[in-house]
Amino acid sequence: VPYLDTRHFDWSSDRPNLYMNLFSRKTQGLYALGFMETNGGAYKLFDQMADFIVRGIVANRDDIELSRTFQALIDSDHPDLSGGINFVESARHAAYVETDAYQGYMAKLRSKLGWANVQEGDFAALVRT
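Residues numbered from 1 in each chain as written. Predicted model: local features only at pLDDT ≥ 70, side-chain atom pairs only at ≥ 80, totals over all residues. Heavy atoms only, no water.

## A short note on the nonpolar core
Point 1. Formed by 22 residues in total, the largest nonpolar core has its most connected members in Tyr19, Met20, Leu22, Phe23, Phe52, Phe70 and Tyr102.
Point 2. For this core, the elements supplying multiple residues, two or more each, are helix H1 (43-62), helix H2 (64-76) and helix H3 (99-113).
Point 3. Contact partners of Phe70, with chain neighbours within four places excluded, come to Tyr19, Phe23, Phe52, Gly56, Leu113 and Trp115. (Core = buried A, V, L, I, M, F, W, Y, C linked by side-chain atoms within 4.5 Å. Buried < 20%, exposed > 50% of the residue type's maximum accessible area, 1.4 Å probe, protein only. Helix = DSSP H or I, 4+ residues; strand = E, 2+ residues; numbered from the N terminus. Contact = heavy atoms within 4.5 Å.)

Structural data, given as C-alpha cells:
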C-alpha cells in the first residue's frame, strides 16, 4: 500500500494486518475494503464487509459501550479465516480467506454485537434504474 504511511498499520508479510481484513489494528477509523482474496466469489461478500464497516462507524458515533466492545475485538481477536485450507505461505497469499469461514465468523460477530446480516435486496433502494 505505497500511498499510505506505514505507521498506520501493523504489518505481516509486507501487508497490513487488518481485523477481518477491514479494520486497521493500529489506527482507529482507518478501513480497507476489498484488501483480501478468497477461494470463491467475493462480490456479495463486499456488501457484508461494507455494512460491517458502517456499523462500526455508527457504533463509534452512537454507542460508546458497543464501540468499546468492538474495538477490543479489533485489538485482540485473531480469527483463523483459512477454513482449514493451507494457503501458500507467501506475501501474495497473506490476505487469503476461505469464503465460508469468513462469512461464518462475520455472522458470529454480528450476532455477538447485535448487528443484522445483510439480506438480499437490502440495498435495492440504492440502485438507480
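Now that the structure has been shown, we can carry on.
## Considerations on the pattern of salt bridges
Point 1. Evaluation of the coordinates by the stated rule reveals 6 salt bridges.
Point 2. Between Arg55 and Asp51 there is a salt bridge, and its shortest N-O distance comes to 2.8 Å. One end of the pair, Arg55, and the other, Asp51, are both in helix H1, 4 residues apart, so they sit about a helical turn from each other.
Point 3. For Arg55, a relative accessible area of 27% gives the class partly exposed.
Point 4. Judged by its relative accessible area of 13%, Asp51 is buried.
Point 5. Between Asp62 and Arg61 there is a salt bridge, and its shortest N-O distance comes to 2.7 Å.
Point 6. Sharing partners across several salt bridges, the network here consists of Asp51, Arg55 and Arg110. (Salt bridge = Lys/Arg side-chain N within 4 Å of Asp/Glu carboxyl O.)

## Comments concerning the environment of Leu33
Point 1. Inspection of the secondary structure assignment puts Leu33 in the loop between strand S4 (23-24) and strand S5 (37-38).
Point 2. Leu33 sits in the partly exposed class, given a relative accessible area of 47%.
Point 3. Sequence spacing of Leu33 and Asn21 is 12 residues, and the spatial spacing of their C-alpha atoms is 7.6 Å.

Structural measurements only, silent on function.
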